[in-house]
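Spelled out, the chains give:
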Amino acid sequence: MDAPTARQLLQIMLVYFETGNQETDGAAKNIFETAVDYRGRWQEEVARFRQSSDWSGLRAPEAELLAAALRHVLAGEKAIAE
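## With respect to the pattern of salt bridges
Under the counting rule described, the total for this entry stands at five salt bridges. In this structure, Arg 59 and Asp 25 form a salt bridge, with 2.5 Å as the shortest nitrogen-oxygen distance. Of this pair, Arg 59 sits in the loop between helix H3 (39-51) and helix H4 (61-81) while Asp 25 sits in helix H2 (residues 22-34), and the two are 34 residues apart along the sequence. Relative accessible area serves as the criterion here: at 17%, Arg 59 is assigned to the buried category. Salt bridges sharing partners connect three or more residues here, namely Arg 41, Glu 44, Glu 45 and Arg 48.

Below, the structure is given as structure tokens:
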């Protein structure tokens, strides 16, 4: 079996973070909490996201924010491929 492409990995990650359960929300929170170099910036972004109309209020904002970011990256990858 061939190794997945970067686009395939992004799609897998997007599906994972769009699943919307405690496990995926916990994983998203863990990513935000353990990335020390970006902790302050990401906390600001999560706070901003909580105030936006994009957040459903049903899930951890970290998970919704990651899914939104992955959708944005995938859209850019698709545009480049075309």
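From this point, things continue past the structure.
## Overview of the nonpolar core
Counting 13 residues, the largest nonpolar core has Leu 14, Phe 17, Ala 28, Phe 32, Leu 65, Leu 66 and Leu 70 as the members making the most contacts within it. Those elements that provide at least two residues to this core are helix H1 (6-18), H2, H3 and H4. Per-element tally for this core: the top contributor is H4, with six residues. What Phe 32 contacts, discounting residues up to four positions off in sequence, is Trp 42, Val 46, Glu 62, Leu 65 and Leu 66.

## Thoughts on the side chain of Arg 59
Here Phe 17 takes part through its backbone oxygen, which lies 3.0 Å from a polar atom of the side chain of Arg 59. At a separation of 2.5 Å, a polar atom in the side chain of Arg 59 contacts the side chain of Asp 25. Not counting chain neighbours up to four residues away, the residues in contact with Arg 59 comprise Phe 17, Glu 18, Gly 20, Asn 21, Thr 24, Asp 25 and Glu 64.

## A few points about H3
Helix length check: H3, at 13 residues, gives a terminal C-alpha distance of 19 Å against a target of 18 Å (1.5 Å per residue), a fit within 8%. Every buried residue of H3 is listed here: Glu 45, Val 46 and Phe 49. Buried residues of H3 fall within an arc of 100° about the axis and therefore sit on the same side. Those residues of H3 that are exposed and aimed more than 90 degrees away from the buried face are Gln 43, Glu 44 and Gln 51.

About the cut-offs
- Residues numbered from 1 in each chain as written.
- Predicted model: local features only at pLDDT ≥ 70, side-chain atom pairs only at ≥ 80, totals over all residues.
- Heavy atoms only, no water.
- Salt bridge = Lys/Arg side-chain N within 4 Å of Asp/Glu carboxyl O.
- Helix = DSSP H or I, 4+ residues; strand = E, 2+ residues; numbered from the N terminus.
- Buried < 20%, exposed > 50% of the residue type's maximum accessible area, 1.4 Å probe, protein only.
- Core = buried A, V, L, I, M, F, W, Y, C linked by side-chain atoms within 4.5 Å.
- Contact = heavy atoms within 4.5 Å.
- Polar contact = N/O pair within 3.5 Å; in protein donor to acceptor, adjacent residues only side chain to side chain.
- Expected span 1.5 Å × (residues − 1).
- Arc of directions from axis to C-beta.

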